[in-house]
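Here's the letter readout for the chains.
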Amino acid sequence: MSSAATTVAQSAQQSAPEPAPGAFLEHSAAAEGRTADAAHSAAAHSAAAHSAAALPAADYSGYKLVPARQPWRWVGTVLVALGVVAVAWSLATNPRWEWGVVAQWFTAQSVVNGLVETLKLTAISGALGFVLGFILALMRLSASPLLVSVSWTFSWIFRSTPLLVQMLLWYNLGYLYEKISLGLPFTDIRFFEVQTTTLISQFAAAVLGLTLNQAAYSAEIIRGGILSVDQGQLEAAAALGIPAWRRSTRIVLPQAMRAILPTAFNEIIGLVKGTSIVYVLAYSELFYTVQVIYNRTQQVLPLLLVATLWYVAITSVLSVFQYYIERHYSKGAVRNLPLTPLQKARKFFSTHAAVNLDRAKDAR
Amino acid sequence: MSTAESPTTAPPAAAATRGHVEITNVRKSFGATEVLKGVSLTVPPGGVAVIVGPSGSGKSTLLRTINHLEKVDGGYITIDGQLVGYQVRGNRLHELREKDILKQRTDIGMVFQNFNLFPHLTALENVTEAPVVALHRNKAEARKRALELLDRVGLKDRADAYPRQLSGGQQQRVAIARALALDPKILLFDEPTSALDPELVNEVLDVIRELATSGTTLIIVTHEMGFARDVADTVVFMDEGQIVEHGIPREIFANPREPRTRSFFSKVIEPAFNI
Ligand SMILES: Nc1ncnc2c1ncn2[C@@H]1O[C@H](COP(=O)(O)OP(=O)(O)OP(=O)(O)O)[C@@H](O)[C@H]1O
Ligand SMILES: [Mg+2]
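Residues numbered from 1 in each chain as written. Chains lettered and ligands numbered in written order. Predicted model: local features only at pLDDT ≥ 70, side-chain atom pairs only at ≥ 80, totals over all residues. Heavy atoms only, no water.

## Description of the overall build of chain A
Each helix and strand in chain A was counted, giving 16 helices and 2 strands. Each of the 364 residues in chain A was classed as buried or not, and the buried ones make up 30%. Taking contacts inside chain A between residues at least 6 apart in sequence as the whole, the part at least 24 apart equals 69%. Approximately 22,500 Å² of chain A is accessible, and the part contributed by carbon and sulfur atoms is 66%. (Helix = DSSP H or I, 4+ residues; strand = E, 2+ residues; numbered from the N terminus. Buried < 20%, exposed > 50% of the residue type's maximum accessible area, 1.4 Å probe, protein only. Contact = heavy atoms within 4.5 Å. Areas by Shrake-Rupley, 256 points an atom, 1.4 Å probe, with all protein chains shown as cover.)

Right, dumping it as structure tokens:
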């Protein structure tokens, strides 16, 4: 049996570039031998003898490693590229797209102003929505039945009313409640009082509506992320005397982020386009602005294209952010961080260039 | 022996002055099932108590009541005379506020079966986290101390590795360093080697062996009988929520008095195991 093990080890050592696999084989064969019966070790012996006969005793230590080629991958790439070119060609050559008009309006002052409003609404209600959502998620997961039910009711109400209705309600709050005041209930003492219509501008109504709605959804996303973190993490942190707030923010949340981020970016990208719902308040964000223009000029399609191109641009930038943020939070969750696309491209070109150089050399 | 009487472990070799654990008549139920049926145990400063017993006998639950991760339903636990998780007001024991419980826990280190290292923090960050936020130690100082501790468990050169880049045995050693970073009076180990491959068990047991002579009180739940015999001042046998028998390892392994103890040891100790 020991001779079988050494034969296997030797032949493995010759074919492998490094001694490590050989050492491993030797180890496992020896370990098996301790428990295995005679028949088993005889089989191992014949297998070893067979492979030893098939392998000429050659030395490959000076050979270069060449990765496997994937010809079908190249065929697929070419087909997809052809499709893309065909679509691009039709877009470029069909005069009905009116690219001239698109170019003319793309950076027009009114369109850019609308774009800024869209970004403003997205950033403010996205940020506030997620902060409020985080608080709601913690409330929902707390031990207090009161906090749990408040959080649950919030999500229930805002997820069950159409956003459009919420917007209009906020904007028309002045109709329901003429004045908003802060004071002692059921008395005449008022510390502070304003006319509702002055407080709730178009902008305020839009931000309020989008934020509260976003908070209801993000609360669930964040709660899902927190639930995905192992209970043992909280226990270990509690056993170390780490305070509750720190446990949430330093131990649980960074781990929950891995589950939260993909859905959260979905939500934010949805929000970029979702802000267009504020057209009901005649709020001139990107989409409303474009509508106003094409109602005037009748150039419907090109102007819709202007808005679309801007939305594509925003989504693209967000996707890049998403990639790098996700990568940041995968620290420690994967054994080794995968390469970024840039690093991959660099590696692709350097290895392929090297292999092609070698091939060229071989051909000579 | 009766469960109300409090078994005391043999005095430790090193003269330690802190970490006197007194568990008195502790009861705990989960729903209708009583998991701890009045458990009493005394471990003197620097003592090493090893708790053994069949699965489900309440070993983990007992360990978790010692740092108040699990609330007791009856009885009490003191460490150096101070109640754990409660304070006396009149003739009642009032549960402490979270803040005070967290403070008490910094005196009681715990090492878990599945390590529970924070996977998004490096080994070093795992060890420095609690001293900085729970004991408000200076960061540089905590870092220096953490590196010493990592060195002590033989992992100084892996300080910047993330837990998933470490082997199971290395992870558990980081977890031990993390527990030591608070300079606890007591260390609780809940089956620290059960999640490890056999060849990794010893590197962890060696670290615990070294701790056993350092004067820290250790309470260890384990299925490693050979290790228990080596390291324990007292071996405590638990079954069905009660301490059935306890004694110095030589005696309890060679001549268990209770039939339940005898039948348990006859199952878990290999025939070749010599006392
Ligand atoms: N949170 C819980 N809720 C309900 N029952 C529980 C809970 N924790 C433990 N138990 C029960 O209490 C009993 C004792 O559990 P414990 O974990 O203390 O056993 P153990 O002695 O540590 O066993 P093992 O050797 O398998 O770890 C078991 O019957 C278990 O099912
Ligand atoms: Mg257990």
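## Some words on the interface of chain B and chain A
Accessible area lost upon the coming together of the parts is a frequently used measure of interface size. Taken together, the contact between chain B and chain A spans 26 residues of the former and 24 residues of the latter. The junction of chain B with chain A conceals about 2,200 Å² of combined surface from both sides, 57% of it contributed by carbon and sulfur atoms. Of all residues in chain B, the largest losses of buried area upon contact with chain A belong to F118(B), H120(B) and R164(B), amounting jointly to 26% of the total for that side. Summed over the shared surface of chain B and chain A, the number is 4 salt bridges. Between R246(A) and E129(B) there is a salt bridge, with its nearest N and O atoms 2.8 Å apart. The set of elements that each furnish at least two residues to the side of chain B that touches chain A consists of α2 (98-105), β8 (108-111) and α3 (123-134) of chain B. With 5 residues, the single largest contributor to the side of chain B that touches chain A is α3(B). Taken together, the residues of the side of chain B that touches chain A sort by class into 14 nonpolar, 5 polar and 7 charged. (Buried area = accessible area lost by both parts, 1.4 Å probe. Salt bridge = Lys/Arg side-chain N within 4 Å of Asp/Glu carboxyl O. Nonpolar A, V, L, I, M, F, W, Y, C, P; charged D, E, K, R; others polar.)

## So, the packing of aromatic side chains
Taken as a whole and assessed by the stated rule, the structure comprises 12 aromatic pairs over all chains. Here the aromatic rings of Y60(A) and Y63(A) are separated by 5.2 Å at their centres, their planes lie at 90°, and the arrangement is edge-to-face. Judged by relative accessible area, which is 38%, Y60(A) ranks as partly exposed. Each member of the aromatic cluster is reached from another via a ring pair, and the members are F237(B), F253(B), F264(B) and F265(B). (Phe/Tyr/Trp six-rings, centres within 6.5 Å; stacked < 30°, edge-to-face > 60°.)

## Concerning the site of ligand 1
All names here are of chain B. Around ligand 1, the structure places F30, V35, P54, S55, G56, S57, G58, K59, S60, T61, E191 and H223. Backbone polar atom of G58 to an oxygen atom of ligand 1: 3.0 Å apart, as the coordinates give it. A distance of 2.7 Å separates an oxygen atom of ligand 1 from a polar atom in the side chain of K59. Among the elements that line the shell around ligand 1, the one with the most residues is helix α1 (residues 59-66), at 3 residues. In the shell around ligand 1, the residues fall into 3 nonpolar, 7 polar and 2 charged. (Near = heavy atom within 4 Å. Polar contact = N/O pair within 3.5 Å; in protein donor to acceptor, adjacent residues only side chain to side chain.)

## Observations concerning the nonpolar core
Membership of the largest hydrophobic core comes to 50 residues, with the highest contact counts inside it found for L150(B), I176(B), F189(B), I208(B) and L218(B). Residues lining this core come from more than one domain, with at least three contributed by each of domain 1 (1-107 + 193-275) and domain 2 (117-183) of chain B. Apart from the residues lying within four places of it in its own chain, the contact partners of I176(B) are V111(B), F189(B), V204(B), V207(B), I208(B) and L211(B). With 42 residues, the next largest nonpolar core counts L240(A), I251(A), I51(B) and L69(B) among its residues. (Core = buried A, V, L, I, M, F, W, Y, C linked by side-chain atoms within 4.5 Å. Domains from an automatic or database assignment.)

## Notes on the packing of helix α6 (residues 109-141) of chain A against helix α14 (residues 286-297) of chain A
Residue and element names in this part refer to chain A. Orientation of α6 relative to α14, taken along the N-to-C sense of each, is 155°, at an axis distance of 7 Å. Comparing the axis directions of α6 and α14 gives the class roughly antiparallel. Here α6 contributes S110, V111, G114, L115 and T118 to the contact with α14, which in turn contributes L286, T289 and I293. Grouping the amino acids of the contact of α6 with α14 by side-chain chemistry returns 4 nonpolar, 4 polar and no charged. (Axes fitted to C-alpha atoms, helices over the stretch in contact; angles between N-to-C directions. Parallel < 35°, antiparallel > 145°, perpendicular 65-115°, else oblique.)

## Digging into the domain arrangement of chain B
All names here are of chain B. Under the domain assignment used here, chain B contains domain 1 (1-107 + 193-275) and domain 2 (117-183). On a C-alpha basis, the centroid separation for the pair domain 1 and domain 2 is 25 Å. In this assembly, 11 residues from domain 1 lie in contact with 14 residues from domain 2. Summed over both sides, the interface between domain 1 and domain 2 buries roughly 1,000 Å², with carbon and sulfur atoms accounting for 64% of that surface. For domain 1, the biggest contributors to the area lost against domain 2 are T106, E203 and V207; these three give 43% of the whole. Where domain 1 touches domain 2, the interface holds 2 salt bridges. A salt bridge links E210 to R152; the nearest nitrogen and oxygen atoms lie 3.3 Å apart. Linking domain 1 to domain 2 there are 4 residue pairs in polar contact (both at pLDDT 80 or more).

## Examining the confidence of the model for chain A
Looking at chain A, pLDDT values average 82 and 82% of them are 70 or higher. Note that residues 1-44 of chain A has pLDDT below 50 and, in this model, 21 contacts with residues that lie over four places away or in other chains. (pLDDT = per-residue confidence, 0-100.)

## Section: a nonpolar patch on the surface
Residues and elements named next belong to chain A. There is a patch of nonpolar side chains on the surface, built from L164, V165, L168, L169, Y175, L176, Y177 and Y279 and spanning about 830 Å² of accessible area. For the nonpolar patch, the leading source of residues is helix α8 (residues 163-171), giving 4 residues. Within the secondary structure, L176 is located in helix α9 (residues 173-176). (Patch = residues over 30% accessible without salt bridge, like charges linked within 9 Å, V, L, I, M, F, W, Y side chains within 5 Å.)

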